[in-house]
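The primary structure of each chain is shown beneath.
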Amino acid sequence: MEAKLLHRSISPFAPTRDHPLRCGLANKPLRSPVLAVLTRPAKNITEVAEKTIRPEGDAIVTKYEDSWFDLVATNHLSRSVQGTTGIRSKRSGYKGLVEAASAAYWSVNPAEQPDLVISALEIAFPRPILSMIRTLMPAQSKFTREFFAAFTTVFFAWLVGKCEVRESELDGRREKNVVHIKKCRFLEETNCVGMCLNLCKMPCQTFIKDSLGVPVNMVPNFDDMSCEMVFGQDPPAISDDPAFKQPCFKLCQAKQKHSATCTS
């Protein structure tokens, strides 16, 4: 892994005396000069399944052939994460994004990780654009929830993998407000429950609610690595969320149970 810490003289991956996750950042987060990138639908994503032996047993590994637009979007988000943490990576593409996320996970206190990702998302998606969307889209409407679900499947397949819109019942009626991610690309690449929860689920739920005004509950399935994003549904408290009681995968170096204490 080729990554270095800009304002520190030690590696962010070196474990501390207490715990490898207790090493905080000593400097103010940097800001990326890039404002935003609009990408086309990920039409050229090609998934090739092959058998491989992993610590969890036989598993199907998904391979992607990212289009040029997918790489632009991925590199933009990766630079936003790097700019927030102050940790640089020489790798590009999805591997570079995972490396930047891994560096943040190992060098930042778990309680601070969701806020760090939210800061990175605020860099990647400028607030004026989000404010305009929030003004034009009424938060408590079926149209808005279904629009965000459809938008996610079209424009964010490069980030989460192949996904589709599904129906659910909300307030006694059926609507297409659920994004079903067949196999989350981020979870598959990281093989870490903690990174899924601290760097994806929690910050994304908060960012979408605060910036767009629409609650969303992300429900990962750690058995098959699928996930559902339910727009219009508030997530449960951490103490009541089954996801935070899930032990991590054998492949994860942390090998710890990611309960509520992991984020405090």
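Please refer to the structure higher up on the page.
The structure contained in this document is the topic of the report that follows. (Residues numbered from 1 in each chain as written. Predicted model: local features only at pLDDT ≥ 70, side-chain atom pairs only at ≥ 80, totals over all residues. Heavy atoms only, no water.)

**Let's talk about the packing of aromatic side chains**
- One pass over the full model with this rule turns up 11 aromatic pairs.
- Ring pairs connect the aromatic residues F125, F143, F147, F148, F151, F155, F156, W158, F207 and F231, which therefore count as one cluster.
- Between R185 and the ring centre of Y64, over which it is positioned, the NZ or CZ distance is 4.1 Å.
- Against the face of Y94 rests R185, its NZ or CZ located 4.0 Å from the ring centre. (Phe/Tyr/Trp six-rings, centres within 6.5 Å; stacked < 30°, edge-to-face > 60°. Lys NZ or Arg CZ within 6 Å of the ring centre and 35° of its normal.)

**Section: the nonpolar core**
- Judged by nonpolar contacts, the single largest core of 52 residues is most densely connected at I181, F222, M229 and F231.
- Excluding residues that lie within four positions of it along the chain, F222 makes contacts with L187, V193, C196, L197, A243, Q246 and F249. (Core = buried A, V, L, I, M, F, W, Y, C linked by side-chain atoms within 4.5 Å. Buried < 20%, exposed > 50% of the residue type's maximum accessible area, 1.4 Å probe, protein only. Contact = heavy atoms within 4.5 Å.)

**Some details on helix α1 (residues 68-85)**
- Over its 18 residues, α1 extends 26 Å from the first C-alpha to the last, a length consistent with the 26 Å expected when each residue adds 1.5 Å.
- A large share of α1 lies buried, amounting to 13 of its 18 residues. (Helix = DSSP H or I, 4+ residues; strand = E, 2+ residues; numbered from the N terminus. Expected span 1.5 Å × (residues − 1).)

**Focus: the sheet that holds strand β7 (residues 216-221)**
- The strand order across the open sheet formed by 4 strands is β5-β6-β8-β7, and the pairing between neighbours is antiparallel. Because the sheet does not close on itself, it has two edges, and the strands there are β5 (163-170) and β7. Sheet twist, expressed as the mean angle between neighbouring strand axes with direction ignored, is 30 degrees.
- In the sheet, β5 pairs with strand β6 (residues 173-181) via 7 bridges, with the strands oriented antiparallel. The partner of V165 across the bridge, within β6, is V179.
- Against the sheet, helix α5 (residues 142-155) engages β5, β6 and β8 (226-231), with an angle of about 20 degrees to β6.
- On top of the sheet, helix α8 (residues 193-212) reaches β7 and β8; it is set at about 160 degrees to β7, its chief contact. (Pairing = 2+ DSSP bridges. Axes fitted to C-alpha atoms, helices over the stretch in contact; angles between N-to-C directions.)

**Notes on the pattern of salt bridges**
- The final tally for this structure, using the stated rule, is 11 salt bridges.
- Between E175 and R145 there is a salt bridge; the shortest N-O distance is 2.6 Å. Here R145 lies in helix α5 and E175 lies in strand β6, a separation of 30 residues in the sequence.
- With relative accessibility at 1%, the residue E175 sits in the buried group.
- For E164, the salt bridge identified is with K182, shortest N-O distance 4.0 Å. (Salt bridge = Lys/Arg side-chain N within 4 Å of Asp/Glu carboxyl O.)

**With respect to the packing of α1 against helix α3 (residues 113-124)**
- Two numbers describe how α1 lies on α3: the axes approach to 8 Å, and their chain directions differ by 130 degrees. Viewed along their axes, α1 and α3 adopt a mutual orientation that is oblique. Where α1 crosses over α3, the handedness of that crossing is right-handed. Side by side, α1 and α3 meet where H76, L77, S80, V81, T84 and T85 of the first sit next to L116, S119, A120, L121, I123 and A124 of the second.
- Across the contact of α1 with α3, the residue classes tally to 7 nonpolar, 5 polar and no charged. (Parallel < 35°, antiparallel > 145°, perpendicular 65-115°, else oblique. Left-handed = near helix turned anticlockwise from the far one by under 90°. Nonpolar A, V, L, I, M, F, W, Y, C, P; charged D, E, K, R; others polar.)

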